[in-house]
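Reading the structure
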Amino acid sequence: MASIALRNVGIDFPIYNARGRSLKTNVLRRVGGHIEGQGSGIVTIEALRQVNLDLRPGDRLALVGHNGAGKSTLLRVLSGAYEPTHGSVEIRGKISSLVDLALGMDAELTGRENIVLRGVILGLTFKEIEALAPEIEEFSELGGFMGLPMRTYSSGMALRLAFAVSTAVQPDILLLDELISVGDAGFAEKSKARMQQIVEKSRILVLASHSPEMLREYCNRAVLLKEGQVVLDGSLDEVLEAHAAG
Ligand SMILES: Nc1ncnc2c1ncn2[C@@H]1O[C@H](COP(=O)(O)OP(=O)(O)OP(=O)(O)O)[C@@H](O)[C@H]1O
Ligand SMILES: [Mg+2]
């Protein structure tokens with residue numbers, strides 16, 4: 001069974017070289033996380049504060065908030081990329097994050113080697129990766145480039161490969177930072193179709209987006225983040241309305 005439980009989760013980013021800088025611009029700003037310790041000389045950005053969240057199968061959660069509110073940070077906590085500074089995170093189920101698509105890929109390794117590397121990071125066994133590799137190669141349509149180091153790829157080519165690996169397995173829990181569209185026209189069409197498929201089949205979806213249309217299409221509940229805190233947890237309409245109001 002898929003589930004997510006966050007209890008009083010906090011993420012702090014200490015900024016070591018901000019000492020002594022004037023951060024007066026903190027006043028009158030709507031974007032960014034909470035900046036702490038301005039008088040003391042050591043600055044900490046509290047990207048998430050006291051976040052509580054319970055998700056069960058069927059939940060399709062929208063993350064709403066201004067730039068810097070903490071949406072991507074929350075997705076990274078859920079993906080396991082960030083260890084929380086405070087609180088606890090409990091996740092059950094196979095999770096797939098399309099937040100940092102190319103995380104862990106190495107420019108010096110070939111496309112084929114990167115499939116293995118990325119597969120391991122995604123939690124697959126070598127056997128599973130071996131079984132999936134032909135399909136991944138076919139989907140990314142990189143032909144002979146699959147045997148060349150990734151540094152020889154254009155950014156679109158690298159994304160094709162990262163997308164193909166990251167979406168090769170159907171997750172129980174899917175994490176998305178905006179609905180990504182990858183590559184040129186032909187590939188974008190194909191990647192959109194695959195994305196739609198894994199979104200529909202996932203039991204829990206967490207989608208951060210600035211597009212109300214996108215959120216309305218995919219989500220059935222929402223939280224509003226402000227300076228790293230969940231200030232509203234409710235229906236999509238309530239949250240979008242509160243967000244639009246300020
Ligand atoms: N690696 C980091 N080091 C320091 N501060 C960070 C880091 N990553 C994020 N932050 C800070 O944490 C806060 C939350 O950032 P986050 O990327 O989660 O925002 P977001 O809601 O995804 O914004 P956007 O809508 O712009 O994508 C911001 O104040 C940002 O400056
Ligand atoms: Mg973000």
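Residues numbered from 1 in each chain as written. Chains lettered and ligands numbered in written order. Predicted model: local features only at pLDDT ≥ 70, side-chain atom pairs only at ≥ 80, totals over all residues. Heavy atoms only, no water.

Okay, empty space enclosed by the protein next. Tallied over the entire structure, the rule returns 1 cavity of 30 Å³ or more. Estimates place the volume of the largest cavity at around 100 Å³. Elements with a minimum of two residues in the lining of the largest cavity: β6 (95–97) and α4 (155–166). Among the residues forming the lining of the largest cavity, the class breakdown is 6 nonpolar, 2 polar and 1 charged. (1 Å grid on protein atoms, 1.4 Å probe; cavity = no way out; pocket = protein on both sides within 12 Å on 5 of 7 lines; lining within 4 Å. Points joined across faces, edges and corners; volume = space filled by probe spheres on them. Helix = DSSP H or I, 4+ residues; strand = E, 2+ residues; numbered from the N terminus. Nonpolar A, V, L, I, M, F, W, Y, C, P; charged D, E, K, R; others polar.)

The space that makes up the largest pocket amounts to roughly 230 Å³. Together, Ser-79, Gly-80, Ala-81, Ile-95, Ser-96, Ser-97, Asp-100, Leu-103, Arg-118, Ile-121 and Leu-122 line the largest pocket. At the level of elements, β6 and α2 (111–121) are the ones that each hand at least two residues to the lining of the largest pocket. For the lining of the largest pocket, the leading source of residues is β6, giving 3 residues. Looking at the lining of the largest pocket, its residues break down into 5 nonpolar, 4 polar and 2 charged.

Another point: the sheet that holds strand β10 (residues 229–234). Pairing is mixed in the open sheet, where 6 strands are placed in the order β6-β7-β8-β4-β9-β10. The sheet is open, and its two borders are formed by β6 and β10, each paired with just one other strand. Averaged over all pairs of adjacent strands, the angle between their axes in this sheet comes to 15°, without regard to strand direction. By the bridge criterion, 5 bridges tie strand β9 (residues 221–226) to β10 in an arrangement that is antiparallel. Bridge assignment links Val-223 to a residue of β10, and that residue is Asp-233. Strands β4 (60–64), β6, β7 (173–177), β8 (204–208) and β9 of the sheet are contacted by helix α1 (residues 71–79), whose axis makes an angle of about 150° with β7. (Pairing = 2+ DSSP bridges. Axes fitted to C-alpha atoms, helices over the stretch in contact; angles between N-to-C directions. Contact = heavy atoms within 4.5 Å.)

In the vicinity of ligand 1, 15 residues are found, and the nearest of them are Gly-33, Gly-68, Lys-71, Thr-73 and His-210. Between ligand 1 and Thr-73, the relevant distance is 2.5 Å, taken from an oxygen atom to a side-chain nitrogen or oxygen of the residue. Here ligand 1, which alone exposes 630 Å², has 68% of that area covered by the protein. The set of elements that each furnish at least two residues to the shell around ligand 1 consists of β1 (3–15), β3 (43–55) and α1. Per-element tally for the shell around ligand 1: the top contributor is α1, with 3 residues. (Near = heavy atom within 4 Å. Polar contact = N/O pair within 3.5 Å; in protein donor to acceptor, adjacent residues only side chain to side chain. Areas by Shrake-Rupley, 256 points an atom, 1.4 Å probe, with all protein chains shown as cover.)

Before going further, it helps to examine unusual backbone geometry. With a phi angle near 45°, Asn-8 is a residue other than glycine that sits in the positive phi range. Here Asn-8 shows up in strand β1. Even without being a glycine, Glu-227 presents a positive backbone phi close to 45°. Relative to the elements of secondary structure, Glu-227 occurs in the loop between β9 and β10.

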